[in-house]
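Commentary on secondary and tertiary structure
The residues making up each chain are set out below.
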Amino acid sequence: LMTLLGVVGGQIFPNGLPVYLSSVLRSLGNSFSATALFLLGLRMVGKASTLQGPGLILPGILILVKLLVFPLVTRQTVNIMNAGANFSETTDLSTFGFLYGTFPAAPGVFVIASQYNRDVDLIASSMVASTFISAPLMFISAKMIAITNLTPADYLQELDKFSFDISIVAMVAGVWTLLLFALTRKVKRMPHRITCCLLISQLICNVGVILWSTLEQDSLWKMYLQFYFFTIGCYSSRLWTAFLAITILFLQCRSLCFVLKLWPIFIAVAWGLPTLMVSLLCFLDGTNIKPTEKRNPSFQYGNAQAAIAVFLLVMCFIVTVGCLILHQRFKKRHERYMTLSREVSSPDADTSTLASGSAVNLLAASSTIGTGVHRRRTSVTSSDDEILSANGRVGAASGSCNGSNGDGHSTTGCGGANGGQGCCSNTFSNVRTVVDIEDLAITRSINNDDIAGCGSPESQTNGLCSASFNCPAAAKQQCQSLIERYREQANDGLEPLEFDKTEDQQQILRHMVLLILLLCSMFVGLSLSVWTLIMEGMSGIYVELTFLDAFLNFGQCIIVLAVFITDTGELLLPMMKFWRKVWYGANLLQLPIWSDLSVETRHVCDQFTTHHLERCRKAIAKDIRWRIKVYRRVFYGTVFVDWLLEVGLAKDRTDATHYARRLIDGRVLRHINNVYHFHDRNLLYTFCERL
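Residues numbered from 1 in each chain as written. Predicted model: local features only at pLDDT ≥ 70, side-chain atom pairs only at ≥ 80, totals over all residues. Heavy atoms only, no water.

Once that is clear, we can look at empty space enclosed by the protein. All told, the structure shown has six cavities of 30 Å³ or more when counted by the stated rule. Of the voids in this model, the second largest cavity is the one considered here, and its volume is about 160 Å³. Lining the second largest cavity are 15 residues, and of these Cys234, Ala309, Leu313, Ser529 and Asn553 sit closest to its centre. (1 Å grid on protein atoms, 1.4 Å probe; cavity = no way out; pocket = protein on both sides within 12 Å on 5 of 7 lines; lining within 4 Å. Points joined across faces, edges and corners; volume = space filled by probe spheres on them.)

This is the structure we're talking about:
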């Protein structure tokens, strides 16, 4: 409508608007931007939480596409269209197109979104973050545009220093992240195992960059060494990025066993293929390894190296993007199936928990429904009892892992009577299901390995392919042994109570954020490689991209550390506990004296010590190593609960937990550090010495 009015106004006033009308319209136009930005800021009040967790992914993608992809696409589009009258004018217009692409989104986008009520909060949060991030990029781009007719010697010395500094910081970040994964035993898990290989490749690349910056070009073997380190590390890190995306996809849609079978292939391709390509380059034309003048290490070999980089980056970029898209499609499909299954099985249940973006929580919730067990919740007051109630619900979800549910009715697990139906199948007679139960059980085990501490034979076959893949019997046996070895290696042992074991142990969300950031790195590297192949003249934008590529390529370890930096708290937890103990005093568990205990509690303690203690000690007490310390004759809380259920001293996991808490109060059991009461968790307990 306003455009039509403008056309009509142009016909009515061919010589220009009157002065008074022009001043009024100019005032309205100037106030639009300020008013729209004020409305944008007002909309963000109390909405900062939308940029946390899963809500950060989509705005992050929009921001990165707007600030990195759009400027490069705009510049290349102007070049392809030959928008100028000559080459110089076209170059100037393409450079301006790049600068224009770095501008933040216009406020009109938010106004239109508000008018039609289409993802207003998402658009608002994305625009606010994009505005803050685009400011330094605009400033740098504006400065770099003024630089023309450059020669490599004008910036290579600064690029050398910048790459060296980034590599040093990245090596420190990479070693710290590897140490973090090793101490928390995440290096044994999937997909953290792939991430560790990515870090190792990046460390190899950083060594090559440091050698390039420090070595003189006077020895051929030194240049060969540097070229091998840099190129193999750089190419393998791109391949490991694609393999990480493949791993996340197959963990979602296939099985953990299938990913473990691909693991040797990943190693052979990710490090074997770059080694083969570098060897062929050195064998066919080794003269380019020792150039006459110093170049960008990414293009040390010349156009041949740039062409190989373009091919590798295109393939890895397509694979990574495709896997992320397919992963989201499978995830959305599971969410719809879980919602429908929840509505059919429990029409009156609250389905708000299914709105979360984590497929792990959805699957865990569906398995809780599938058990069909209804418990009477007792009134509680203390925080410990609240934890008990939560653990009772988790125990209900893991009833199939222990062979019985809370009411004592058995469930058929892997290897049972229904073993012929697939790798892992559970049969529930009282629940109407919409999706294949086998697929739900498999997917739950994939996304949340051993979530409830299941250690029975029925649970050890979780992680196998569903029956729809028609795996032969021999392959199923091989997969079962493979999963068992994986579980033994990946078992993290003692569990700090402060960490929620029901969360996604594979950290799929963080790995997806990491993949998105690495995709940006690949896109910048691809743009720079293509520009190097077809470049006719060097400009300031090319130099800006060179430094940006140096950070995103050589600093991938920094990106990984930034994604997983919060896991450092698990390493600092013992130090924090010690500091709290020193600052606030002793934090030991305070128990009532024997005379204050109820008659029932004393009777339970006497009965257990008289009739069950020695048998229990022989059955579950053993030496367990956790990290760097070995604890003698201890057992996990979950194992003790399993034993109580096995011998019939408790009817369900909640009852067993209350039984064990009476033993703690009666000084029959104790936590190894006398810090926690009894919980059905992977916490270590032992029998009191007086017994």
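Text resumes after the structure shown.
One finds Met190, Trp240 and Leu514 to be the most contacted residues of the largest nonpolar core, which totals 83 residues. For this core, the two domains that each supply at least three residues are domain 1 (1–146) and domain 2 (166–287 + 296–341 + 508–587). Among all residues touching leucine 514, those that are not within four sequence positions of it are Thr195, Leu244, Ile559, Val560, Val563 and Phe564. (Core = buried A, V, L, I, M, F, W, Y, C linked by side-chain atoms within 4.5 Å. Buried < 20%, exposed > 50% of the residue type's maximum accessible area, 1.4 Å probe, protein only. Domains from an automatic or database assignment. Contact = heavy atoms within 4.5 Å.)

On to the packing of aromatic side chains, then. In this structure the tally under the stated criterion is 20 aromatic pairs. With centroids separated by 5.7 Å and ring planes inclined at 70°, the aromatic side chains of phenylalanine 230 and phenylalanine 554 adopt a geometry described as edge-to-face. Here phenylalanine 230, found in helix H9 (residues 220–253), pairs with phenylalanine 554, found in helix H18 (residues 540–554); they are 324 residues apart in sequence, far enough to count as distant. Look at phenylalanine 230 and you get buried, because its relative accessible area is 2%. With a relative accessible area of 2%, phenylalanine 554 lands in the buried category. Positioned over the ring face of tryptophan 531 is arginine 75, at 3.6 Å from the centre of the ring. Looking at arginine 254, its charged tip hangs above the ring of phenylalanine 258, at a distance of 4.2 Å from the centre. (Phe/Tyr/Trp six-rings, centres within 6.5 Å; stacked < 30°, edge-to-face > 60°. Helix = DSSP H or I, 4+ residues; strand = E, 2+ residues; numbered from the N terminus. Lys NZ or Arg CZ within 6 Å of the ring centre and 35° of its normal.)

Looking now at the pattern of salt bridges. A full pass over the atoms with the stated rule returns five salt bridges. Among the salt bridges present, the one from arginine 662 reaches glutamate 600, with a minimum N-O distance of 3.4 Å. Separated by 62 residues along the polypeptide, arginine 662 in helix H24 (residues 653–665) and glutamate 600 in helix H21 (residues 599–611) bring together distant segments of the chain. The class for arginine 662 is partly exposed, based on a relative accessible area of 23%. Between arginine 653 and aspartate 680 there is a salt bridge whose closest N-O contact spans 2.8 Å. Of this pair, arginine 653 sits in helix H24 while aspartate 680 sits in the loop between strand S3 (669–671) and strand S4 (684–687), and the two are 27 residues apart along the sequence. (Salt bridge = Lys/Arg side-chain N within 4 Å of Asp/Glu carboxyl O.)

For the rest of this paragraph, the subject is a nonpolar patch on the surface. On the surface, a cluster of nonpolar side chains totalling about 790 Å² of accessible area is made up of Leu4, Val8, Ile12, Phe13, Leu17, Leu21, Val24, Leu25 and Leu28. Contributions of two or more residues to the nonpolar patch are made by helix H1 (2–12) and helix H2 (19–43). Per-element accounting of the nonpolar patch gives the leading share, four residues, to H2. Following the sequence through the fold, leucine 21 ends up in helix H2. Judged by relative accessible area, leucine 21 falls into the partly exposed class, the value being 34%. (Patch = residues over 30% accessible without salt bridge, like charges linked within 9 Å, V, L, I, M, F, W, Y side chains within 5 Å. Areas by Shrake-Rupley, 256 points an atom, 1.4 Å probe, with all protein chains shown as cover.)

Turning our attention to the state of the cysteines. Throughout the structure, instances matching the rule amount to one disulfide. Sulfur-sulfur distance for the disulfide between cysteine 257 and cysteine 479 comes to 2.4 Å. With the S-S dihedral at roughly -80°, the linkage between cysteine 257 and cysteine 479 falls on the left-handed side. With cysteine 257 in helix H10 (residues 256–284) and cysteine 479 in helix H16 (residues 473–490), this pair connects stretches of sequence that are 222 residues apart. Side by side, cysteine 257 and cysteine 479 carry an identical accessibility label, which is buried. Cysteine 197 supplies the cysteine sulfur nearest to cysteine 196, a cysteine that is in no disulfide, at a spacing of 7.0 Å. Its relative accessible area of 5% is what places cysteine 196 among the buried residues. Among the cysteines around cysteine 234, which has no disulfide bond, cysteine 205 carries the closest sulfur, lying 4.8 Å off. (Disulfide = S-S within 2.5 Å.)

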